[in-house]
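Chain by chain, the residues run as shown.
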Amino acid sequence: VLLAAVPLFLLLAVVSYLAIQFSLSERDEQAWVRHTYQVMESERRLQDDVQTAETGMRGFLLSRDPVFQQGYLSYVARIPRDLKTFRDLTTDNPPQQKRADRLKKLLDARINGLEQATRAQQPPVVRSPQAIQGLARGRSEMAGIRAEINAGLAEEADLLSQRDANRRAAENREIASAIGAGVLVLGILLIAAAALVRNNVSLAAAEAARANEAAVL
């Protein structure tokens, strides 16, 4: 019986090791899923920064109200920090690092255009040819920024789908391992129980035989 229990203990040790490994693997996959959400959120913040800054600039150009200028300056100040966050989160992703470089150039150009517009000494409701050209250029720059951010979000969405699939696969492996281990343990227990019953039967038979021999003598 003790010899039959040795494989059981060995199996339990292997099952415990596998369970720990699968648990660590699942934790890693969940971490990657969370990381992807963080990257997508950083890109959305960048887009919100530049759009809100441009809205503030347009309000300032139309009204020359300092409140709009303060809103513009506040969001412009956020752009370098949020771009750095995006870059730091994607150090493992070369295409996203290149996208960060392209975004920096686009954002620098857009901010420069916004600052030139706010420095211009013109009356409210700008209608000069230079202002119209500036607005047209701004729309083009914003289109480029949106295109880069949307491409980045699409790439992260693909990564999210892959990482979510990996997470589910890790969960399935863990479940299958647990079921398989349970079946093996049950099988070994049944074998051990059968061996124990057989030994008890043999022992009872031997004792009965000795008792009969003693009675005859």
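I will try to describe carefully the structure that is included in this document. Here the residue numbering is sequential within each chain, running from 1 through the sequence in written order. Only residues with pLDDT of 70 or above have their local features reported here, since the model is predicted, and side-chain atom pairs are shown and tallied only from 80 upward, although totals for entire chains, interfaces and linings are computed over all residues. Neither water nor hydrogens contribute to the side-chain values; these are computed over all heavy atoms in the structure.

**Side note on the environment of Asn 150**
Part 1: Among the structural elements, Asn 150 can be located in helix 4 (residues 129-216).
Part 2: For the pair formed by Asn 150 and Arg 44, sequence separation is 106 residues and the distance between their alpha carbons is 9.1 Å. In DSSP terms, a helix is any run of H or I states spanning at least four residues, a strand is any run of E spanning at least two, and both are numbered starting from the N terminus.

**Some details on the nonpolar core**
Part 1: Side-chain atoms within 4.5 Å link the members of a nonpolar core, which is a set of buried Ala, Val, Leu, Ile, Met, Phe, Trp, Tyr and Cys residues. Buried, partly exposed and exposed residues are distinguished by accessible area as a fraction of the type maximum, computed with a 1.4 Å probe on protein chains only: under 20%, between the cut-offs, and over 50%, respectively. Core analysis: the largest hydrophobic core is formed by 23 residues, its most contacted members being Leu 46, Phe 86, Leu 103 and Leu 107.
Part 2: Secondary structure elements with two or more residues in this core: helix 1 (2-63), helix 2 (66-89), helix 3 (94-119) and helix 4.
Part 3: Broken down by element, this core gets its largest block of residues, eight residues, from helix 1.

**Remarks on the packing of aromatic side chains**
Part 1: We call Phe, Tyr and Trp rings a pair once their centres come within 6.5 Å, taking the six-membered ring for Trp, and we label the pair stacked below 30 degrees between planes, edge-to-face above 60, and tilted otherwise. Using the criterion set out here, one finds zero aromatic pairs in the structure.
Part 2: The positively charged end of Arg 78 is found above the aromatic ring belonging to Tyr 75, 4.2 Å away from the centroid. For a lysine, the NZ atom is tested; for an arginine, the CZ atom; a charge sits over a ring if that atom is within 6 Å of the ring centre and within 35 degrees of the ring normal.

**As for a nonpolar patch on the surface**
Part 1: On the surface, Ile 175, Ile 179 and Val 183 cluster together into a nonpolar patch covering about 300 Å² of accessible area.
Part 2: Turning to its location among the elements, Ile 175 is positioned in helix 4. For patch detection, residues must exceed 30% relative accessible area and be free of salt bridges, and they are connected within 9 Å for like charges or within 5 Å for nonpolar side chains (Val, Leu, Ile, Met, Phe, Trp, Tyr). Here the accessible surface of atoms and residues is derived via Shrake-Rupley with a 1.4 Å probe, and residues count as covered only by protein chains that are part of the display. In what follows, salt bridge is the name for a side-chain nitrogen of Lys or Arg lying within 4 Å of a carboxyl oxygen of Asp or Glu.

**Describing the pattern of salt bridges**
Part 1: With the rule as written, the count across this model stands at nine salt bridges.
Part 2: Linking Arg 81 and Asp 82 is a salt bridge whose minimum nitrogen-to-oxygen distance equals 3.7 Å.
Part 3: Residue class for Arg 81 comes out exposed when judged on its relative accessible area of 51%.
Part 4: A salt bridge links Arg 99 to Glu 148; its shortest N-O distance comes to 3.3 Å. In this pair, Arg 99 sits in helix 3 while Glu 148 sits in helix 4, placing the two residues 49 residues apart along the sequence. An identical accessibility class is assigned to Arg 99 and Glu 148; each is buried.
Part 5: Taken together, the shared-partner salt bridges connect Arg 99, Arg 102, Glu 148 and Glu 155 into one network.

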